[in-house]
Amino acid sequence: IAMETTDFSVEVRLGQIEKLQEAASRGVGLRVLYEGRQASCSTSDVSAEGIEELISNAVEMAKRTSVDEAAVLPAGEELAREINDLGLFDPAIVELSPERKIEMARTAEDAARSFDPRIVNSEGGSCSTTIGKTTLVTSAGFAGEYPGTRCGVVTAPIAKDGDQMQVGYWGDGQRMLAALDSPEEIGREAARRGIRKLGGRKVATQEAPIVFEFGATEELLGDFFEAVEGGAIFRRSSFLVGQLGEQIASPLLTIVDDGTMRGAVGSKPFDGEGLPTRRTVVVEDGVLKSYLLNSYTARKLNLRSTGNAARGLTGAPSVGIGNFFAAPGVYAPDEIIASVKEGFYVTEMIGFGFNAVTGDYSRGASGWWIENGKLAFPVEEVTIAGNFKDMLKGIEMIGNDLRFRGKIAAPTIKVDRMMVSGE
C-alpha cells in the first residue's frame, strides 16, 4: 500500500495565529504472507534500494512469526473489479490559499466571540485540510488507487456568567468545500453551545427518560461499533456474540454502514484488502443482521467479509467503518423533548464507561433537565448508567435530524429510562 498526504492546519486565538503547520508525507507499506505467517514493514524511502530493503525485511520478519491459518489474501473473485468515482476529491480544497484558511479560522472564532456579551474569551479557532492519495496493489490480482480531500473548521469560545465559565465547541469536516458549514455558522453554533451550559447544576439521583442529542447519539453508535466488529465477536468479547438474526433493539432502530456514499467522509471505492466497499445493514428494525468484517475476522467466524478492512502502512488489516449511521426517524427533536414529562436531555458526555462484553454503560453527562416537555435548566456533573441491551430495546422515538459531519452520524433519540446519578 502507498499513501501520499499533504496536511495543513492553522490555529488562531483571539485573532492571532498561534500555530501554523504544513506537512507532506509519502510512504509505502508491505504486508507479506508466507506459509501461513505474516509480517509488515513500511518505508518513506521509495528508491530502488529502499524498496529492496523493505521487501527483504518484511520477508525475514514473516519467517519468524507464528502460523495463523486465517491470515490469507482474499480470493480473486472477491476483489473490486472497477474503481468507482465516489466524489471524494474536491479541487476547491486544493485551491484554498493559506491566507483563506487563516481567514476561515479567524471568521469562525470572530463569529463566536461577537455572538453574545457572555462570550468573554476563546480557546481558539482552527482550519485544517488534507489532500491525499491511496494506492493498493496485491499479489491476488488487485490494483487500484483513489484521491481524497477533506476540510475542517472548529472553534471553542468560552462563556461566562458570574463565577461560572463554560466552553462551547463546534465544528464541521467535509470532503467537499461546498458541503462545509460556513465559518460564521460554526462560530455562532459554538457560542450557543457555550452559553446554554451556563448555570448548570446537579439533579437528584433518579431513574428518568433520556433524550440523547444527535452528537451524544453518535458517541453511543461509536460504542456500538466496538461490540459489532468482527474482532470482538470472534474473541467473544462482545454482548452481541451469537445474536445474528435476534431482536436486539427497538423495532424503530436501523443501523447501516455504507462505504459507497458519494462525497462522504467515510467513503472509499475499495477497502484495505482490495474488496469493493458496500452498504451493509447491521441492524434492521431492531434485528441484528450483520457484523462488520474484514477477511481475517470473516474466516474466523466462517462468514464473508463485509468490505470493512482498514489498512495503514504497517500492521495487518483491522476492521473499520465506512459511513456508520442510525437511520433517521420521523420526529423533530423538539417533538421528542415535548414528549417527556420529566427527564434528561443529554448534549455532552464525558469520560469512558462502556463494557462491550457485558453491555454495562456509565458516562458523565451534561445537558438540560426537561420538565413538562420543556427545557427547564442546564444540568452538569451527573452520571447516566444502564446496560446497552436495555438502552437499545428502550428506544422510544428517533429524530429526523441526521446529518453527516464525520464517519459516524446519528439523529436525536429517546430512551425510556436510565439511572441519573447526581446529588
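Everything here concerns the structure above.
Figured I'd write up the structure that's included with this text. (Residues numbered from 1 in each chain as written. Predicted model: local features only at pLDDT ≥ 70, side-chain atom pairs only at ≥ 80, totals over all residues. Heavy atoms only, no water.)

Comments concerning the overall build of the protein
So, step 1. The helix and strand inventory of the protein stands at nine helices and 20 strands.
So, step 2. Taking 22 Å as the expected radius of gyration for a compact globule of 423 residues, we find that the protein reaches 23 Å, a close match to that expectation.
So, step 3. Based on the C-alpha atoms only, the size of the protein along its principal axes is roughly 65 × 55 × 35 Å.
So, step 4. Looking at the 423 residues of the protein, the share that counts as buried comes to 51%.
So, step 5. Considering only intrachain contacts with a sequence separation of at least 6, the fraction spanning at least 24 residues in the protein is 70%. (Helix = DSSP H or I, 4+ residues; strand = E, 2+ residues; numbered from the N terminus. Rg over C-alpha atoms; globule rule 2.2 N^0.38 Å. Buried < 20%, exposed > 50% of the residue type's maximum accessible area, 1.4 Å probe, protein only. Contact = heavy atoms within 4.5 Å.)

Regarding the side chain of Gln-164
So, step 1. Checked against the element boundaries, Gln-164 lands in strand β6 (residues 164-167).
So, step 2. Within the structure, Gln-164 has its side chain in polar contact with the side chain of Glu-380 (distance 3.1 Å).
So, step 3. Discounting residues that sit within four places of it in the chain, Gln-164 has contacts with Ala-159, Lys-197, Leu-198, Gly-199, Gly-200 and Glu-380. (Polar contact = N/O pair within 3.5 Å; in protein donor to acceptor, adjacent residues only side chain to side chain.)

Description of the nonpolar core
So, step 1. Counting residues in each nonpolar core, the largest one holds 52 residues, and the members touching the most others are Phe-212, Phe-224, Val-228, Leu-240, Phe-324, Phe-344 and Ile-384.
So, step 2. Counting residues per element, this core draws most heavily on helix α5 (residues 214-228), which supplies seven residues.
So, step 3. Leu-96, Ala-108, Cys-151 and Trp-170 belong to the second-largest nonpolar core, a separate cluster that totals 17 residues. (Core = buried A, V, L, I, M, F, W, Y, C linked by side-chain atoms within 4.5 Å.)

Thoughts on the sheet that holds strand β14 (residues 323-326)
So, step 1. Within the open sheet, the five strands sit side by side as β11-β10-β9-β14-β19. Their pairing is mixed. Looking at the sheet topology across the chains shown, the edges are occupied by β11 (287-288) and β19 (408-409).
So, step 2. The pairing of strand β9 (residues 255-258) with β14 spans four bridges and is antiparallel. Bridge pairing in β14 places Asp-257 opposite Phe-324.
So, step 3. Across the sheet, α5 is in contact with β9, β10 (279-284), β11, β14 and β19; its angle to β14 comes to roughly 115°. (Pairing = 2+ DSSP bridges. Axes fitted to C-alpha atoms, helices over the stretch in contact; angles between N-to-C directions.)

So, helix α4 (residues 183-195)
So, step 1. Between its terminal C-alpha atoms α4 stretches 18 Å, which fits the 18 Å expected from 13 residues at 1.5 Å a residue.
So, step 2. Among the residues making up α4, those that are buried are Pro-183, Ile-186, Gly-187, Glu-189, Ala-190, Ala-191, Arg-193, Gly-194 and Ile-195. (Expected span 1.5 Å × (residues − 1).)

Some words on the packing of helix α3 (residues 98-113) against α4
So, step 1. Here α3 crosses α4 at 40°, and the two axes come no closer than 7 Å. Considering only the axes of α3 and α4, their crossing is right-handed. Of α4, the residues touching α3 (which contributes Met-104, Thr-107, Ala-108, Ala-111 and Ala-112) are Pro-183, Glu-184, Gly-187, Arg-188 and Ala-191.
So, step 2. Split by residue class, the contact of α3 with α4 holds six nonpolar, two polar and two charged. (Left-handed = near helix turned anticlockwise from the far one by under 90°. Nonpolar A, V, L, I, M, F, W, Y, C, P; charged D, E, K, R; others polar.)

Notes on the pattern of salt bridges
So, step 1. In total, this model carries 20 salt bridges according to the counting rule given.
So, step 2. Notably, a salt bridge pairs Arg-118 with Asp-116, separated by 3.0 Å at the nearest N-O pair.
So, step 3. Taking the relative accessible area as the measure of exposure, Asp-116 reaches 15% and is therefore buried. (Salt bridge = Lys/Arg side-chain N within 4 Å of Asp/Glu carboxyl O.)

Focus: the state of the cysteines
So, step 1. A full pass over the atoms with the stated rule returns zero disulfides.
So, step 2. In this structure Cys-127 is a free cysteine whose sulfur lies 4.2 Å from that of Cys-151, the closest cysteine sulfur available.
So, step 3. Judged by its relative accessible area of 0%, Cys-127 falls in the buried class.
So, step 4. Its relative accessible area of 0% is what places Cys-151 among the buried residues. (Disulfide = S-S within 2.5 Å.)

Thoughts on unusual backbone geometry
So, step 1. Positioned with a positive phi, Asp-285 is a non-glycine residue whose angle comes to about 50°.
So, step 2. Its place among the elements puts Asp-285 in the loop between β10 and β11.
So, step 3. The phi angle at Asn-372 is positive, at roughly 50°, despite the residue not being glycine.
So, step 4. Within the secondary structure layout, Asn-372 lies in the loop between β16 (360-371) and β17 (374-387).
So, step 5. According to the relative accessible area criterion, Asn-372 is exposed, its value standing at 58%.

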